[in-house]
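Structural characterization, general
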Amino acid sequence: MENMEYSNSLYQISEILKYIEPNLKARIPNKFISYFEANKSKDYKWNIDRSLPIDEQDLLPITKEILTVLYKDYICNDIERIELEKILNENEVKYQKELREKYNPDNIFGNKSKVVEKTIVANETTSALAYKKSFIKRIISKIKLFFNR
């Protein structure tokens, strides 16, 4: 499934590159353009809406990622590159913070101690309700233990 989404993204990129200005397209190495063409999906159909800007197009997430890398590495100037890297770093920090809050190891271990406390309380209540053997069964079990030595 993931491979199909990747090839669909390459199809979208090759369609976008058809409408990019020639001087900007010339900045992208030909090996990338030929890779996009060779590995794009043959069955996927997507048409770019020229009336909408690129950020309002219905693009796959992988397409957005690849376009960001192409823009940052080959198309933008140095000032734009610095601003873009700053934005990407801020987004990465936000993402890592969200992950930290969602999967905080302190909370995971904190919850574990609460679970342990609950099981201790549960074991104490069940031990109070333990089954008592009858007098004869206790004597028989003692005799069996004596002979098993």
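Below is a short write-up of the structure. Worth saying up front: this structure is predicted, and the values here are computed from it rather than measured.

Re the pattern of salt bridges
For the structure on display, the rule yields five salt bridges. Here Asp73 and Lys72 are joined by a salt bridge, their closest N and O atoms 3.6 Å apart. We classify Asp73 as partly exposed; its relative accessible area is 37%. Of the charged contacts, one joins Lys72 and Glu85 as a salt bridge, the two residues approaching to 4.0 Å between their closest N and O atoms. One end of the pair, Lys72, is in helix H4 (residues 61-75); the other, Glu85, is in helix H5 (residues 78-102), with 13 residues separating them in the sequence. Judged by its relative accessible area of 34%, Glu85 falls in the partly exposed class. Residues joined in a network through salt bridges with shared partners are Lys72, Asp73 and Glu85.

Quick look at a nonpolar patch on the surface
Together, Ile139, Ile143 and Phe147 make up an exposed nonpolar region whose accessible area comes to about 310 Å². Take Ile143: it is sitting in helix H7 (residues 135-148).

Conventions we followed
- Counting from 1, residues in each chain are numbered in the order their sequence is written.
- Since the coordinates come from a predicted model, pLDDT governs what is reported: local features require at least 70, and pairs of side-chain atoms require 80 or more to be given and counted, while whole-chain, interface and lining totals use all residues.
- Hydrogens and water molecules were not included; the side-chain quantities draw on all heavy atoms of the structure.
- We define a salt bridge as a side-chain nitrogen of Lys or Arg found within 4 Å of a carboxyl oxygen belonging to Asp or Glu.
- Classification of residues uses two cut-offs on accessible area relative to the type maximum, computed with a 1.4 Å probe and protein chains only: under 20% is buried, over 50% is exposed, and between them is partly exposed.
- A run of H or I in DSSP becomes a helix once it reaches four residues, and a run of E becomes a strand once it reaches two; helices and strands are each numbered from the N terminus.
- Without a salt bridge and with relative accessible area above 30%, a residue can belong to a patch; like charges are then joined within 9 Å and nonpolar side chains (Val, Leu, Ile, Met, Phe, Trp, Tyr) within 5 Å.
- Note on areas: Shrake-Rupley, 1.4 Å probe, and residue coverage restricted to the protein chains presented here.

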